[in-house]
Amino acid sequence: MKGVLAAVAIIVALVVGYLGYRYVQLQNQAAKYANAKEIVAESIEKDGSKWAIHMESVLAQPIDKVWKALRQPERSKEFLPDFKKSELKKEEGNTKTVEFQVRVLTLPLQTFVAELAFDDANHTMTVKTLSGPQDQNATYKLTSLDPGKTLLLYDATATDRISVPLPLAVQKGAVRQLFVNQIRAIEKGIASDQAKAAA
């Protein structure tokens, strides 16, 4: 009996140790995005299962190039390893339906399908999730600051469909990482187009 209790105690200690390690690892990863250069302003609020998010980024590119890259979310996997899938499911007029599979921090893969609508005249993209861990409605709005600089404003409201047993700081880190990765995908899309044009 003592042997069984000792074995159980060792297993419990190992599980607690592993969970502690994962917790610290997630916190450290989340902290990396707290001062990301891609984010010039932010507000991330959570009340129960509801989120209100505002983020801003300034890209050193003309607005037309940023808009062209923003209109191609299905290319995200091409540019960043955190996007495991970005598959165009349907395109009708100025609306696309895209399935994404994304890894944030070291959490399990998140899969979601989103409907994206593009307003070319106003350089605005709206996003509504059709499936996934959150019900989200978001707007991306571009404004030209000068001929070679563009402001991207992101505003979203979301409701968690599933409860996430993680500290709020880690959840906010995941939100920041996803936004930063979107900005990096836009930048890499622009660089890819420029390289093709120069070839």
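Shown above is the structure to which this text applies.
This is a predicted model, so every value here is computed, not measured.

About the criteria used
- Residues numbered from 1 in each chain as written.
- Predicted model: local features only at pLDDT ≥ 70, side-chain atom pairs only at ≥ 80, totals over all residues.
- Heavy atoms only, no water.
- Phe/Tyr/Trp six-rings, centres within 6.5 Å; stacked < 30°, edge-to-face > 60°.
- Helix = DSSP H or I, 4+ residues; strand = E, 2+ residues; numbered from the N terminus.
- Buried < 20%, exposed > 50% of the residue type's maximum accessible area, 1.4 Å probe, protein only.
- Lys NZ or Arg CZ within 6 Å of the ring centre and 35° of its normal.
- Pairing = 2+ DSSP bridges.
- Axes fitted to C-alpha atoms, helices over the stretch in contact; angles between N-to-C directions.
- Contact = heavy atoms within 4.5 Å.
- Core = buried A, V, L, I, M, F, W, Y, C linked by side-chain atoms within 4.5 Å.

Draft legend 1. Representation of the packing of aromatic side chains within the structure. One pass over the full model with this rule turns up 5 aromatic pairs. Taken together, a centroid distance of 6.1 Å and an interplanar angle of 75 degrees make the contact between Trp-67 and Phe-118 edge-to-face. Taken together, the positions of Trp-67 in helix α2 (residues 63–70) and Phe-118 in strand β5 (residues 110–119) put the pair 51 residues apart, joining distant regions of the chain. The two residues Trp-67 and Phe-118 agree in class, both being buried. Among the aromatic residues, those joined into a cluster by ring pairs are Phe-83, Phe-100 and Phe-112. The positively charged end of Arg-71 is found above the aromatic ring belonging to Phe-118, 4.6 Å away from the centroid.

Draft legend 2. Quick peek at the sheet that holds β5. Read from one edge of the open sheet, 8 strands run β1-β2-β8-β7-β6-β5-β4-β3, paired in antiparallel fashion. Each end of this open sheet is capped by a strand with a single partner; those strands are β1 (41–47) and β3 (83–92). Sheet twist, expressed as the mean angle between neighbouring strand axes with direction ignored, is 20 degrees. Seen against the sheet, α2 touches β2 (50–59), β5, β6 (124–131), β7 (134–146) and β8 (149–160) and runs at an angle of roughly 160 degrees to β7. Across the face of the sheet, helix α4 (residues 168–198) comes into contact with β1, β2, β3, β4 (95–102), β7 and β8 while running at roughly 35 degrees to β2.

Draft legend 3. View of the side chain of Glu-99. Its location among the elements puts Glu-99 in strand β4. Accessibility expressed as a relative area gives 14% for Glu-99, which makes it buried. Those residues in contact with Glu-99, other than ones at most four positions away along the chain, are Lys-85, Ser-86, Glu-87, Lys-89, Thr-111, Phe-112 and Val-113.

Draft legend 4. Structural context of the nonpolar core. Ile-53, Met-55, Met-125, Leu-152, Tyr-154 and Ile-186 are the most contacted members of the largest nonpolar core, which totals 39 residues. For this core, the secondary structure elements donating two or more residues are β2, α2, β4, β5, β6, β7, β8 and α4. Considering each element in turn, this core owes the most residues, 8 residues, to α4. In this view, Ile-186 contacts Leu-59, Val-66, Ala-69, Leu-70 and Leu-152; residues no more than four positions away in its chain are not counted.

Draft legend 5. Fine view of the pairing of β4. Across the 8 residues of β4, 6 count as buried, placing the element largely inside the fold. Sheet topology places β3 next to β4; 8 bridges connect them, and they run antiparallel. Its bridge partner lying in β4, Glu-92 is registered against Thr-95. Hairpin connection between β3 and β4: a loop of 2 residues separates the two successive antiparallel strands, and Gly-93 in this loop has a positive phi of roughly 60 degrees. Summarising the sheet, β4 and β5 pair through 8 bridges and their orientation is antiparallel. Paired with Gln-101 across the bridge in β5 is Thr-111.

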